[in-house]
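Examination of the molecular architecture
Here is what each chain is made of, one letter per residue.
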Amino acid sequence: MRLRILQYGSPVLRSKGQRIEKIDDRIRRLAADMIETMRAANGVGLAAQQIGEPIQLTVVDVSQIEDRPSTLKLNGREVDPKTASPLVFINPEIVLGTETSLGVEGCLSFPEITGEIERSQTVHARAQTLDGSMVEIEASGLLARALQHEVDHLNGILFIDRMSSAAKAALASKLKRMQKETERGIRKNRRPLETEHAL
Ligand SMILES: [Zn+2]
């Protein structure tokens, strides 16, 4: 089932996600619905906060991305990130690599905005998968960026928080308008402008 993606101004986007103690049918259904929702929006990632659930669950899919490469190791074994997608991560813990780079990001909760964000080029992470097992993740490229963006969501952090103050100042009036429209419910049923490959 396709879910509604909440827009900037929705308070739940600022909530830290609760740890998932039990991976049951509800969580499995939610993950499947989030994958369907992300794909329908041409997104690369989606966090549970964005569909109104403040819990530690995120999905990522780089299978449609041709121009921004990724690498992935799962439990030390190199896998094709496209074949491994969609990826579901539960209760992820992330360690950032030291080398950083700037890259363009969009976010499904900010349909009209993109920004240059500095992120680590590589990440190490540990997370549970839908079958409850623990997996070690080593990622680089777009996938590393996506994981950082999604783990931020799970902690109530939004990509605008990581923009330069100049970029944020340039977006200030737009952000204010988005927030007001969300609060008034205007954005609720409006089909958002799509930002390709948003997170
Ligand atoms: Zn996002």
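Please refer to the structure placed before this passage.
Residues numbered from 1 in each chain as written. Predicted model: local features only at pLDDT ≥ 70, side-chain atom pairs only at ≥ 80, totals over all residues. Heavy atoms only, no water.

Remarks on the coordination of the zinc ion
- Every protein donor of the zinc ion is accounted for by Cys107 (SG), His149 (NE2), His153 (NE2) and Leu199 (O), and the metal-donor separations fall at 2.0 to 2.3 Å.
- Relative to the metal, the four donor atoms surrounding the zinc ion lie at angles of 98 to 135°, and the coordination shape comes out irregular.
- Every donor residue of the zinc ion comes from the same chain, spaced as C-x41-H-x3-H-x45-L. Here histidine 149 lies in helix α3 (residues 142-154) and cysteine 107 lies in strand β6 (residues 100-107), a separation of 42 residues in the sequence. (Donors = N, O, S within 2.8 Å, 3.2 Å for Na, K, Ca; no water. Tetrahedral: all angles 85-135°; square planar, octahedral: opposite > 155°, others 65-115°. Helix = DSSP H or I, 4+ residues; strand = E, 2+ residues; numbered from the N terminus.)

Some thoughts on the pairing of strand β7 (residues 110-120)
- The pairing of β6 with β7 spans eight bridges and is classified as antiparallel. Across the sheet, leucine 102 pairs through a bridge with glutamate 118, a residue of β7.
- What sits between the antiparallel neighbours β6 and β7 is a turn of two residues. (Pairing = 2+ DSSP bridges.)

So, the pairing of strand β8 (residues 122-128)
- In the sheet, strand β5 (residues 87-96) pairs with β8 via five bridges, with the strands oriented antiparallel. In the sheet register, isoleucine 90 faces β8, and the bridge partner there is glutamine 128.
- Where β8 and strand β9 (residues 134-141) come together, seven bridges link them in antiparallel fashion. In the strand pairing of β9, histidine 124 is matched with glutamate 138.
- Linkage of β8 to β9, two consecutive antiparallel strands, is achieved through a turn of five residues, within which glycine 132 is found at a positive phi near 90°.

Quick word on the nonpolar core
- Within the largest apolar cluster, 21 residues are counted, with the highest numbers of intra-cluster contacts made by Met34, Leu46 and Leu57.
- For this core, the secondary structure elements donating two or more residues are α1 (25-40), β2 (57-60) and β5.
- Ignoring sequence-local partners within four residues, the contact set of leucine 46 consists of Ile5, Met34, Thr37, Met38, Ile51, Thr58, Val59, Leu108 and Glu150.
- Among the nonpolar cores identified, the runner-up in size contains 20 residues, and Val79, Leu87, Ala139 and Leu147 belong to it. (Core = buried A, V, L, I, M, F, W, Y, C linked by side-chain atoms within 4.5 Å. Buried < 20%, exposed > 50% of the residue type's maximum accessible area, 1.4 Å probe, protein only. Contact = heavy atoms within 4.5 Å.)

Side note on the sheet that holds strand β4 (residues 77-79)
- Strand order in the open sheet formed by seven strands is β1-β2-β5-β8-β9-β3-β4, and the pairing between neighbours is antiparallel. Each edge of the open sheet carries a strand with a single partner, namely β1 (45-47) and β4. Between one strand and the next, the sheet's axes are offset by a mean angle of 35°, whatever the strand orientation.
- Sitting on the sheet, α1 touches β1, β2 and β5, and the angle it makes with β2 is about 40°.
- Where α3 meets the sheet, its contacts fall on β1, β2, β3 (70-74), β5, β8 and β9, and the angle it forms with β9 comes to roughly 120°. (Axes fitted to C-alpha atoms, helices over the stretch in contact; angles between N-to-C directions.)

Looking at the side chain of serine 63
- Here serine 63 is to be found in the loop between β2 and β3.
- The buried category is assigned to serine 63, whose relative accessible area is 18%.
- Side chain to side chain, serine 63 and aspartate 61 meet in a polar contact 2.7 Å long.
- Within the structure, serine 63 has its side chain in polar contact with the side chain of glutamine 64 (distance 3.3 Å).
- Beyond its immediate sequence surroundings of up to four residues, serine 63 is in contact with Lys82 and Ser85. (Polar contact = N/O pair within 3.5 Å; in protein donor to acceptor, adjacent residues only side chain to side chain.)

It is worth stressing that arrangement in space is one thing and function is another; only the former is reported here.
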